[in-house]
Amino acid sequence: MSDFLTQFGEDLKKNVPGFIAVSVAEIASGMSYYSQSAVADFDPELASAYNLEVVKAKMNAIKALKLDGQVIDNIMITLSSQIHIIDVSDNQEYFIYLAVDSTKANLGMTKSILNKYKKEIVAKL
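Naming follows an unreviewed UniProt entry, where the protein chain appears as Roadblock/LAMTOR2 domain-containing protein of Flavobacterium crocinum.

Here it is, written out as structure tokens:
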């Protein structure tokens with residue numbers, strides 16, 4: 001598992017323009033399985049813990065609105081100079097939290113890479 005996640009992190013760092021940080025976490029427990037940051041004072045595990053609350057709130061909203069069969073694919077939060085992507089696994093058990101510099105990011109490439117790994121995370125975690 002750790003080889004897979006290490007490769008995942010290195011792939012993101014190398015291939016995602018504007019990469020700032022990434023974390024992979026379990027939704028039920030909040031446990032972070034992997035994190036990496038290219039910025040010394042950016043803590044992806046802390047960011048992931050806060051964004052877990054965003055994911056849970058949206059899951060609760062889906063239930064409250066009786067949107068049966070609907071699941072979260074991803075949540076994108078746009079800040080003035082960063083984009084934060086919360087990409088939820090198909091089984092709704094894990095999420096990838098990724099922060100990128102909005103002036104350098106290529107969202108199409110980034111989402112393509114995340115989708116590739118999102119499928120693998122379910123099989124390997």
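We are not done yet, so read on.
Chemist: Got a sec to walk through the side chain of Lys118? Specific residues and values, please.
Modeler: Looking at where Lys118 falls in the secondary structure, it is placed in helix α3 (residues 107–124). Given the relative accessible area of 3%, Lys118 is considered buried. Of note is the side chain of Lys118, whose polar atom sits 3.0 Å from the side chain of Asp87. The residues contacting Lys118, other than those within four sequence positions of it, are Asp73, Asp87, Val88, Ser89, Asp90 and Ile96.

Chemist: Kindly report on the packing of aromatic side chains, identifying the contributing residues and their values.
Modeler: One pass over the structure, following the stated rule, counts four aromatic pairs. A connected cluster of aromatic rings, assembled from ring pairs, spans Phe4, Phe8, Tyr34 and Tyr117.

Chemist: Tell me what's going on with the pairing of strand β1 (residues 19–26), and back it up with residues and numbers.
Modeler: With respect to burial, β1 is a largely interior element, eight of its eight residues being buried. Note: β1 against strand β5 (residues 94–101), seven bridges, orientation antiparallel. The partner of Glu26 across the bridge, within β5, is Tyr94. Here β1 pairs with strand β2 (residues 32–37) via five bridges, running antiparallel. Counted as the bridge partner of Val22 is Gln36 from β2.

Chemist: I'd like a description of helix α1 (residues 2–15), backed by residues and values.
Modeler: For α1, which comprises 14 residues, the first-to-last C-alpha distance of 20 Å matches the rise-based estimate of 20 Å (1.5 Å per residue) to within 8%. When α1 is considered as a whole, its buried residues turn out to be Phe4, Leu5, Phe8, Gly9, Asp11 and Leu12. Along the axis of α1, the buried residues cluster in a sector spanning 160°; they form a single face. Seen from the open side of α1, the exposed residues pointing more than 90 degrees away from its buried face are Ser2, Asp3 and Lys14. On the buried face of α1, the contacting elements are β1, β2, β5 and α3.

Chemist: Before we move on, can you summarise the environment of Ile75 with the specific residues and values?
Modeler: Tracing the backbone shows Ile75 in strand β3 (residues 74–78). The spacing of Ile75 and Val54 is 21 residues in sequence and 8.8 Å in space, taken between C-alpha atoms. Excluding its chain neighbours within four sequence positions, the residues that come into contact with Ile75 are Val54, Val55, Lys58, His84, Ile85 and Ile86.

Cut-offs applied
- Residues numbered from 1 in each chain as written.
- Predicted model: local features only at pLDDT ≥ 70, side-chain atom pairs only at ≥ 80, totals over all residues.
- Heavy atoms only, no water.
- Helix = DSSP H or I, 4+ residues; strand = E, 2+ residues; numbered from the N terminus.
- Buried < 20%, exposed > 50% of the residue type's maximum accessible area, 1.4 Å probe, protein only.
- Polar contact = N/O pair within 3.5 Å; in protein donor to acceptor, adjacent residues only side chain to side chain.
- Contact = heavy atoms within 4.5 Å.
- Phe/Tyr/Trp six-rings, centres within 6.5 Å; stacked < 30°, edge-to-face > 60°.
- Pairing = 2+ DSSP bridges.
- Expected span 1.5 Å × (residues − 1).
- Arc of directions from axis to C-beta.

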